[in-house]
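Per-entry structural report
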Amino acid sequence: MAGSGVFEEIIDGDVFKYYSEGEWKKSPSGKSVSIINPTTRKPQYKVQACTQQEVNKVMETAKIAQKQWAKTPLWKRAELLHKAAAILKEHKAPIADCLVKEIAKPAKDSVTEVVRSGDLISYCAEEGVRILGEGKFLVSDSFPGNERTKYCLTSKVPLGVVLAIPPFNYPVNLAVSKIGPALIAGNSLVLKPPTQGAVACLHMVHCFHLAGFPKGLISCVTGKGSEIGDFLTMHPGVNCISFTGGDTGIAISKKAGMIPLQMELGGKDACIVLEDADLDLVASNIIKGGFSYSGQRCTAVKVVLVMESVADTLVEKVKAKVAKLTVGSPEDDCDITPVVSESSANFIEGLVMDAKQKGATFCQSYKREGNLIWPLLLDNVQPDMRIAWEEPFGPILPVIRITSVEEGIHHCNASNFGLQGCIFTRDINKAMLISDAMETGTVQINSAPARGPDHFPFQGLKDSGIGSQGITNSINMMTKIKSTVINLPTPSYTMG
């Protein structure tokens, strides 16, 4: 149960505290923010509504703590991260329960997210020791016109204070994907969790607290984005921002100033199906890629571009699998659970109604109860329909029939998104050529788009983001190069 057992100190009455200076605190504002259970559509939890004053204090202590943390040996940083990972996995049940109630993630998948997060932290520790334990040595005479009079030693040093902002759909995993690299690299970390998913994040942060990290090194502030969002992202104490989410990231990138940014802002991941594809494999991956966690994934399959000659067969195979998906409560581990909010459900419904008005073929009847939307495959979708371009973040999947590979590539590249895409064909030569032509950060061949394993590079082009994620890339991104040059006297001897 949330806020019980070892987590008792993170809650006061019915309101969860925020974390600052190594302590769980109540905001002097006396205000709280309610978290609505997507399934019941009733208030489930409350968190502190932190103010700008609390943010200022957090930034001040984070800066001080970081200076000392940067002097902490790498092996010690890694040791604490391993300890936090073990504690997180030990307490996976109550954290997973929060995910079920806050974001309606199926119970089994919620446990998987927590365990995966622990593994990610441990991998960060190991990888950080390897890549940060190495430097580089350069000599001047490798460049024309220079004598061997300069030796350059380079190393990676921390940036300072990292602001981490994860999304609702993977609030624990995408928080630790920022926390782990930041800490092993010698930075301090300020976490602003999403409202839906905040309580799971607070439980996760407590695992770092229990591991014994220095006071002030990790902070977690909750509250309304309208009150502290811009104040956080534009704060002069922030030296780096790692954000995963939607359009808000574009606004952040325009306001942030001259600091490193790591942004993953969603996608319209295309699935291109060629005539020689294994259609059973394609159908299985469309179900996995398009409907897992009710389609609320940045790497979900969001449009199927299938060659006309095999479209009828593929659509029938997918329809048969859609019919077997279970719909209902996350507690019951159903395949399709309620989307995160009523506003999300309304947005999805708007896309569906637009497609209906413009003549799309409904492979199932559209059905909605509250935030619960039944899975829907839309065939014969045309480019003038919103669903062809917009990201639904729900269990709705459009099928566009194409007559050439070039048509599929054109549709993929015409999108303002460029996160991932996938190709299904038995011809690896064709697959590689199409992959080269697709303007996306990653292309999967004969599998649905996916983020992970977590040490793989993960990046988007265009409006899908800035920079690259994945454990190694994140550690590198959260450091900067420092050079020390040793200058030697010009040699007095002559050659020969």
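Criteria and thresholds
Residues numbered from 1 in each chain as written. Predicted model: local features only at pLDDT ≥ 70, side-chain atom pairs only at ≥ 80, totals over all residues. Heavy atoms only, no water. UniProt positions renumbered as here; feature names shortened; annotations may be inferred. Pairing = 2+ DSSP bridges. Helix = DSSP H or I, 4+ residues; strand = E, 2+ residues; numbered from the N terminus. Contact = heavy atoms within 4.5 Å. Axes fitted to C-alpha atoms, helices over the stretch in contact; angles between N-to-C directions. Phe/Tyr/Trp six-rings, centres within 6.5 Å; stacked < 30°, edge-to-face > 60°. Lys NZ or Arg CZ within 6 Å of the ring centre and 35° of its normal. Patch = residues over 30% accessible without salt bridge, like charges linked within 9 Å, V, L, I, M, F, W, Y side chains within 5 Å. Areas by Shrake-Rupley, 256 points an atom, 1.4 Å probe, with all protein chains shown as cover. Salt bridge = Lys/Arg side-chain N within 4 Å of Asp/Glu carboxyl O. Buried < 20%, exposed > 50% of the residue type's maximum accessible area, 1.4 Å probe, protein only. Lys, Arg positive; Asp, Glu negative; His and termini not counted. Charge placed at Lys NZ, Arg CZ, Asp CG, Glu CD.

Per an unreviewed UniProt entry, the protein carries the name NADP-dependent glyceraldehyde-3-phosphate dehydrogenase and comes from Escallonia herrerae. UniProt annotates the protein under Subcellular location (unreviewed entry) with the comment "Cytoplasm". A UniProt comment under Sequence similarities (unreviewed entry) is attached to the protein, and it reads "Belongs to the aldehyde dehydrogenase family."

So, the sheet that holds strand 2 (residues 15-16)
One open sheet holds the four strands; their spatial order is 1-2-6-5, and the pairing between them is mixed. Each edge of the sheet is formed by a strand with only one pairing partner; in this case those strands are strand 1 (11-12) and strand 5 (32-36). In this structure, strand 2 lies alongside strand 6 (residues 43-48), joined through two bridges in parallel fashion. Within the sheet, the bridge partner assigned to valine 15 lies in strand 6 and is lysine 46. On top of the sheet, helix 3 (residues 92-103) reaches strand 5 and strand 6; it is set at about 110° to strand 6, its chief contact. Contacts from helix 6 (residues 198-211) reach strand 2, strand 5 and strand 6, with the element oriented near 55° to strand 6.

A word on the environment of proline 94
You can see proline 94 is positioned in helix 3. For the pair proline 94 and alanine 200, spaced 106 residues apart in sequence, the C-alpha to C-alpha distance is 8.5 Å. Contact partners of proline 94, with chain neighbours within four places excluded, come to Met1 and Phe7.

Let's talk about the packing of aromatic side chains
This model, assessed by the stated rule, comprises six aromatic pairs. Directly above the ring of tryptophan 374 sits lysine 367, whose terminal nitrogen or CZ lies 4.3 Å from the centroid. For arginine 451, the ring lying beneath its charged end belongs to tyrosine 170, and the centroid distance is 5.5 Å.

Quick word on the sheet that holds strand 22 (residues 420-424)
Two modes of strand pairing occur in sheets, parallel and antiparallel, and in both the strands are linked by backbone hydrogen bonds. Pairing is mixed across the open sheet formed by seven strands, whose spatial order is 16-19-20-15-14-22-23. Edge positions in the open sheet fall to strand 16 (361-362) and strand 23 (442-445), since each of these has one partner strand only. Judged from the four bridges that link them, strand 15 (residues 303-307) and strand 20 (residues 396-402) form a sheet pairing that is parallel. Bridge pairing links valine 306 to arginine 401 in strand 20.

Details of a nonpolar patch on the surface
Taken together, Phe137, Leu153, Ile486 and Leu488 make up a surface patch of nonpolar side chains, about 330 Å² in accessible area. Take leucine 488: it is sitting in the segment after strand 28 (479-487).

Digging into the UniProt feature "active site" (unreviewed entry) in the protein
Mapped onto this numbering, the UniProt entry gives "active site" (unreviewed entry) at Glu264. For glutamate 264, a relative accessible area of 2% puts it in the buried group. Not counting the four nearest positions on each side in its chain, glutamate 264 is found in contact with Phe243, Thr244, Gly245, Cys298, Leu419, Phe458, Ser464, Gly465 and Gln469.

Things to note about the UniProt feature "domain: Aldehyde dehydrogenase" (unreviewed entry) in the protein
The UniProt record marks residues 24-483 with the feature "domain: Aldehyde dehydrogenase" (unreviewed entry), using the residue numbering of this structure. Secondary structure across residues 24-483 divides into 41% helix and 21% strand, with the first and last C-alpha atoms of the span separated by 40 Å.

A few points about a positive patch on the surface
Taken together, the side chains of Lys63, Lys67, Lys480 and Lys482 present a region of like positive charge at the surface. Mapped by element, the contributors of at least two residues to the positive patch are helix 1 (52-69) and strand 28. Within the secondary structure, lysine 67 is located in helix 1. For lysine 67, a relative accessible area of 51% corresponds to the exposed category.

Topic: a negative patch on the surface
Taken together, the side chains of Asp109, Glu331, Asp332, Asp333 and Asp335 make up a negatively charged region of the molecular surface. Given the relative accessible area of 39%, aspartate 109 is considered partly exposed.

Focus: the pattern of salt bridges
This model, assessed by the stated rule, comprises 23 salt bridges. Here glutamate 60 ties to lysine 57 by a salt bridge, and the two come within 4.0 Å at their closest N and O atoms. Separated by three residues within a single helix, glutamate 60 and lysine 57 lie in helix 1, roughly one turn from each other. Lysine 57 gets classed as partly exposed once you look at its relative accessible area, which sits at 35%. Note that aspartate 354 is salt-bridged to lysine 358, the shortest N-O span being 2.9 Å. Bridged by salt links that share partners, the residues Glu308, Asp312, Asp379 and Arg401 form one connected network.

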